[in-house]
Amino acid sequence: MAAPKESKIECLLFSEFHPTAGPKIMYQACLYAYVRYVLDFPENYIDKELFDAIHIYIITKPQLQGRLIMSNAFGKKIMGCPVCIDHPKYARNALIFNLCFVFDGLANSRPYEKPVRKLSRYLVSLERESGFLSNEESKQTLPRIMAQILTDLNEQGSCAVEVNQVTTIYLKTLLVINNPGEVHMYDVPIFTVQCDSFHSHQWDLTTQQILPYIDGMRHVARISVESDVAISLVKSCLQNMLYYGIIKLLPIFQYSNVYTVTSKINRLAQDRDLQNECNKYVAKPGQLGFPCFRDIFMLFCSLGPGTPVKDWCARHNPQQLKVDERRLIQFGVLHGLLRRIHKYPVLLTNEPGSQNLRLLSRWLNGQHHYDEICCRTGLSYSVLDEMIEDDPTIVVCWK
Amino acid sequence: MDDQTSSPVAIILVSSGSRGDKLLFRYPYIGPQTAENTVKKSVQNPYAVRLADDQQVEKKRPGSCLSKGHLFGFTDDLLAAILATKSELCGQKFELKINDLRFIGHPTLMHYGSKGQVSPKSEGPSMILFNIVFALKAAASISVIQCYHDFSKRLAIALRHEEHRCGYLSHEAKVMLGVVDEVAALPEADFDSQSPFSLMLNKSELARDLKHVYLSLCSNGDPEQINKCLEVLRPYHAMLLLDDANKLIAELSPDMSPALIRVFRVTTPLKSLRDLGADADLTLRQVFYLVSHLVYWAKATIIYPLCETNVYVLSPNASLQVNATLASRFVEHFPGMSLHAVMEDFSLPTQLREQGNPLGLPHQQVQQVQTVVWMLQHRLLVQLHTYVFLVPTSGPSSLLIKSRSTDTVGHGSQEELQEADSRRISGLSNFSDTDSVASEYGSPQGSFVASYSGLESDMANMKAGLSVDLDEGRLPTRLKELLPDELSSEEKEAILSVPAARSPEDFKMFARLCPYFQGCHHLEEIMYCENVRRSTLLTLLDKFRSVLVTCQHEDRVTTVFHNL
């Protein structure tokens, strides 16, 4: 995957603390009009004035060494990981250097954070193992290496540059995606892509083991039991798949659930493609003909607080309208057209009345909904509900 | 959207001058005993065998620069060294990212254009440049970073101005450095007990102001989202202050504009922004400025004016935690009531009117309204509105599908609003009362209204023909023309075949309101724009229910503030 245009590396800069001259730029490998790659003498791309103003962020104080430092000044972003190797063999007993990536001031540099750190570690090992940087001859090969890294990362998003007979530098830019959020034991994973569109054999063994159990109906705890995989591993695998966007999480489907329509319902009214997709998805299998849009739309709009699915079914009879209600709800939640309303029991006094409630009391602080409580205690919805409803000191809030 | 990433981690003031680079103030500061949290070499086990390789081990540094949300591992001197930049970097944005921490500031030269010249008004050691830096979490979004930079720049301009006027900054710097020297001169035992910064708060006004800035900036929300909301601000919205009006007046700077004070005095959550403007003697545009201001600084939020028919429900983000401070604060305001019991009541959508017991005493009614106001201020409730969709036939409605590309009715004066937005001032300085914008906020319908303006005469002419045609069982084509063009003829037929369509009054109103039946305008909006009573509207909707679908959900505009 090539780097997006707006965040290409403009220049690679190798700078070190010269024993007599102090911080100076040793080599630069620059990008010139995205076509030619030029090895320049230090004065050209990053000029002396800029370097003098910001060299303290490149060749840094000891407390900042080993950290990823990015400074943004004069319209350029310079990101590097300053290194200090202590050893008596060096003049001044230490070798201090930094190989930085330079970007335009507005570019997105996050995909390069890991490669920069990794590159600095490579250089450290190269130096320790074979004196790569302290040996003048091998040091001269650095500009060529830098130029190649620059070219390959910009064009392909990854590079494999041979440094010497035993070492190759492998780097890859990372597409940064936002954290997907936690996976709970009561969540239900569902694929958002076709199962056969990704190569399952490329995934790790644990993920492969749980794949067959992901059907949009089984929740995490059940998947763990049926696939015989520890629940923490199941959660990790699912989190990984969530990160790459191939699954989404839904709440458990039960006929006692309550859902409400969201402001995104407009999308269904306005988007023909979404309508077609919905139509195909929610159609009751085995029926001739598809349900009509108006019925589907009306069914969505009639979901709201206070209306459990079973009441809604009784009122509108989706089956007769050729609609599979489970799939309708699934579609709605997946596309953000519906939102689940959870039931939270809250115990207001400190002394639970009945014996049963003493066992439950830790779940009654208003932070756990029925789905979670049922999952963790093993009680069924109806049993839990009876216990809660019977007790006058518990209030029930829906949100 | 994570509120936490937009809150600052710390605010730091550094300077560079004849005494070198100095950290003048930071907040929050760490006590002297924890200042030693900077990296120490790991304690060497004297019995461990030292292998030759170990000599070359790279110095390990802790990965994170943050500990429990505060700066970790940075001594005052280190911060001074990295944040007091060279003069070449002055006058532009300064950004430095170290692992998971981001510093943003705008280093400023003390004296315009010159480097190192001493101003006659300055006292003590001369300062060449200073930098007000915000430390943020690295994950903060670009718009948040922009805002902080902007803010740092404004603070710097203000400080430099004050310096030139009366040597303010040099004086404050002298006080701050004086405190540091004082504390350093204390005997060992005393030194450990107090951080110089806490002493500074007593002596230096600037230190107190910076602390105040930091505290006010915590958890304000993403400015990008707020800007988006402001674009859809409407005159029928209302402003809800998040705190008592008098407290806010006292809190805000003394040279507040008289216009803003008037607004504070007359605002209530029942009053629309348009009425607010009238009562405070301001144009609508001026009101929008001020409201957007207050919203930006999290002193107010935007709601729909409170009235009996409003429907509220518990917000999905409301915290239900028992024993939380929120619950006890509620009891302080409303003794004898339980927050959770009220939240239980609002689990089902509840009209404000229903809340009041008709047999109850008047003060109970008032208390009910106050409860709702309190809960709205604390983001525990959201309002539900009814939206209408025109779906005449069983297939998807052409009116709705076409509407997507042209954007919806109701954003007609968006240009006006955007212009107002771009001129929004962020300082609470004098607001120009002489702003001579004559344009009143016009009807949002734009072209749709124009096409129906000749309706009266048309209908009068048609009446005779109408009864004749209906008797003959044929539908007159002119009636069809009243309906929006986007509808297919099949859809128009469907509408016309509704029994209520036979009444010209009803049909005329229906046709006029059709543009609002795209699911983007709730009933209150329709009532406001078309000057229609609720009862009339509801009756009409009921009569044409066979071609309409209604649903209830929250208003997209106000949900920005609820993170929904």
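Predicted, not measured: the structure shown is a model, and the values here were computed from it.

## Here we look at the overall build of chain B
Okay, step 1: Check the secondary structure of chain B and you find 26 helices and 15 strands.
Okay, step 2: The burial tally for chain B puts 51% of its 564 residues in the buried class.
Okay, step 3: Of the roughly 26,500 Å² of accessible surface on chain B, 51% is carried by carbon and sulfur atoms.

## Thoughts on the overall build of chain A
Okay, step 1: The helix and strand tally for chain A stands at 15 helices and 15 strands.
Okay, step 2: With 399 residues in all, chain A has 54% of them scored as buried.
Okay, step 3: Working note: accessible area of chain A is about 18,800 Å², and carbon and sulfur atoms make up 50% of it.

## Considering the pattern of salt bridges
Okay, step 1: Under the counting rule described, the total for this entry stands at 24 salt bridges over all chains.
Okay, step 2: Across the salt bridge formed by Arg222 of chain A and Glu226 of chain A, the nearest N and O atoms sit 2.7 Å from each other. On the criterion of helical spacing, the pair formed by Arg222 of chain A and Glu226 of chain A is a turn pair, its members being 4 residues apart in helix α6 (residues 220-227).
Okay, step 3: Across the salt bridge formed by Asp76 of chain B and Arg26 of chain B, the nearest N and O atoms sit 2.8 Å from each other. With a gap of 50 residues between them, Asp76 of chain B in helix α2 (residues 76-83) and Arg26 of chain B in strand β2 (residues 20-27) connect regions that are remote in the sequence.
Okay, step 4: Exposure remark for Asp76 of chain B: the relative accessible area of 28% places this residue in the partly exposed category.
Okay, step 5: Given a relative accessible area of 1%, Arg26 of chain B falls into the buried group.
Okay, step 6: Through salt bridges with shared partners, a single ionic network connects Asp215, Arg218, Arg222 and Glu226 of chain A.

## Focus: helix α11 (residues 309-316) of chain A
Residue and element names in this part refer to chain A.
Okay, step 1: Among the residues of α11, those classed as buried are Val309, Trp312 and Cys313. Looking down the long axis of α11, one finds its buried residues gathered within 100° of arc, a one-sided arrangement. For α11, exposure combined with an orientation more than 90 degrees from the buried face picks out Ala314 and Arg315.
Okay, step 2: In the core, the buried residues of α11 are packed alongside β12 (258-261), α10 (293-301) and α12 (325-334).
Okay, step 3: Asn317, located one to two residues past α11, shows a positive phi value of around 50°.

## Notes on the confidence of the model for chain B
Residues and elements named next belong to chain B.
Okay, step 1: In this model, chain B carries a mean pLDDT of 75, and residues with pLDDT of at least 70 account for 70%.
Okay, step 2: Of the regions scoring below 50 in pLDDT, residues 405-475 engages in 104 contacts with residues more than four places distant in sequence or in other chains.
Okay, step 3: This prediction of the complex comes with two scores: 0.66 for pTM and 0.70 for ipTM.

## Considerations on the interface of chain B and chain A
Okay, step 1: At the interface, 65 residues of chain B touch 59 residues of chain A.
Okay, step 2: Remark: the boundary between chain B and chain A carries 1 salt bridge.
Okay, step 3: Where chain B touches chain A, the interface holds 19 residue pairs in polar contact (both at pLDDT 80 or more).
Okay, step 4: Going through the elements one at a time, α2, β5 (94-98), β11 (311-314), α14 (339-345), α17 (398-406), β14 (518-522) and β15 (548-554) of chain B are the ones with two or more residues in the side of chain B that touches chain A.
Okay, step 5: Ranked by residues supplied to the side of chain B that touches chain A, first place goes to β15 of chain B with 6 residues.
Okay, step 6: The pairing of strand β4 (residues 69-73) of chain A with β5 of chain B spans 4 bridges and is antiparallel. By the bridge assignment for β5 of chain B, Met70 of chain A is matched with Lys97 of chain B.

## Some thoughts on the pairing of strand β8 (residues 127-137) of chain B
All names here are of chain B.
Okay, step 1: Extensive coverage of β8 is indicated by the burial of 9 of its 11 residues.
Okay, step 2: For strand β7 (residues 108-109) and β8, the ladder comprises 2 bridges, and the chain directions are antiparallel. Looking at the pairing, Thr108 lines up with Phe130 of β8.

## A word on the packing of aromatic side chains
Aromatic rings in a pair are described by how distant their centres are and how their planes are angled relative to each other.
Okay, step 1: In this structure the tally under the stated criterion is 27 aromatic pairs over all chains.
Okay, step 2: One aromatic cluster is present, built from ring pairs that chain together Phe25, Tyr27, Tyr29, Phe197 and Tyr214 of chain B.
Okay, step 3: Between Lys399 of chain A and the ring centre of Tyr344 of chain A, over which it is positioned, the NZ or CZ distance is 5.2 Å.

## A few points about the environment of Ile246 of chain A
Okay, step 1: Here Ile246 of chain A is to be found in the loop between α7 (231-243) and β11 (247-251).
Okay, step 2: Here the alpha-carbon distance between Ile246 of chain A and Ile190 of chain A, two residues 56 residues apart in the chain, equals 8.5 Å.

## Observations regarding the side chain of His237 of chain B
Residue and element names in this part refer to chain B.
Okay, step 1: Position of His237 among the secondary structure elements: in the loop between α8 (223-231) and β9 (238-241).
Okay, step 2: Look at His237 and you get buried, because its relative accessible area is 1%.
Okay, step 3: Setting aside its immediate chain neighbours within four residues, His237 contacts Val232, Lys271, Ser272, Leu273, Ile302, Ile303, Pro305, Asp555 and Val557.

## With respect to the packing of helix α9 (residues 272-282) of chain A against α10 of chain A
Describing two packed helices takes the angle between their axes plus the distance from one axis to the other.
Residues and elements named next belong to chain A.
Okay, step 1: Between α9 and α10, whose axes approach to 11 Å, the crossing angle comes to 85°. Classified by the angle between their axes, α9 and α10 sit roughly perpendicular to one another. Contacts between α9 and α10 pair Gln275, Cys278, Asn279 and Val282 from the former with Phe293, Ile296 and Phe300 from the latter.
Okay, step 2: Residues that form the contact of α9 with α10 fall into these classes: 5 nonpolar, 2 polar and no charged.

## A short note on the packing of helix α23 (residues 504-513) of chain B against helix α25 (residues 534-543) of chain B
All names here are of chain B.
Okay, step 1: Between α23 and α25, the shortest axis-to-axis distance is 11 Å and the interhelical angle comes to 95°. Of the possible angle classes, the one that applies to α23 and α25 is roughly perpendicular. Residue-level contacts link Asp506, Met509, Phe510 and Leu513 of α23 to Thr536, Leu537, Leu540 and Lys543 of α25.
Okay, step 2: A breakdown of the residues in the contact of α23 with α25 according to their chemical character gives 5 nonpolar, 1 polar and 2 charged.

Basis of the calculations
Residues numbered from 1 in each chain as written. Chains lettered and ligands numbered in written order. Predicted model: local features only at pLDDT ≥ 70, side-chain atom pairs only at ≥ 80, totals over all residues. Heavy atoms only, no water. Helix = DSSP H or I, 4+ residues; strand = E, 2+ residues; numbered from the N terminus. Buried < 20%, exposed > 50% of the residue type's maximum accessible area, 1.4 Å probe, protein only. Areas by Shrake-Rupley, 256 points an atom, 1.4 Å probe, with all protein chains shown as cover. Salt bridge = Lys/Arg side-chain N within 4 Å of Asp/Glu carboxyl O. Arc of directions from axis to C-beta. Contact = heavy atoms within 4.5 Å. pLDDT = per-residue confidence, 0-100. Polar contact = N/O pair within 3.5 Å; in protein donor to acceptor, adjacent residues only side chain to side chain. Pairing = 2+ DSSP bridges. Phe/Tyr/Trp six-rings, centres within 6.5 Å; stacked < 30°, edge-to-face > 60°. Lys NZ or Arg CZ within 6 Å of the ring centre and 35° of its normal. Axes fitted to C-alpha atoms, helices over the stretch in contact; angles between N-to-C directions. Parallel < 35°, antiparallel > 145°, perpendicular 65-115°, else oblique. Nonpolar A, V, L, I, M, F, W, Y, C, P; charged D, E, K, R; others polar.

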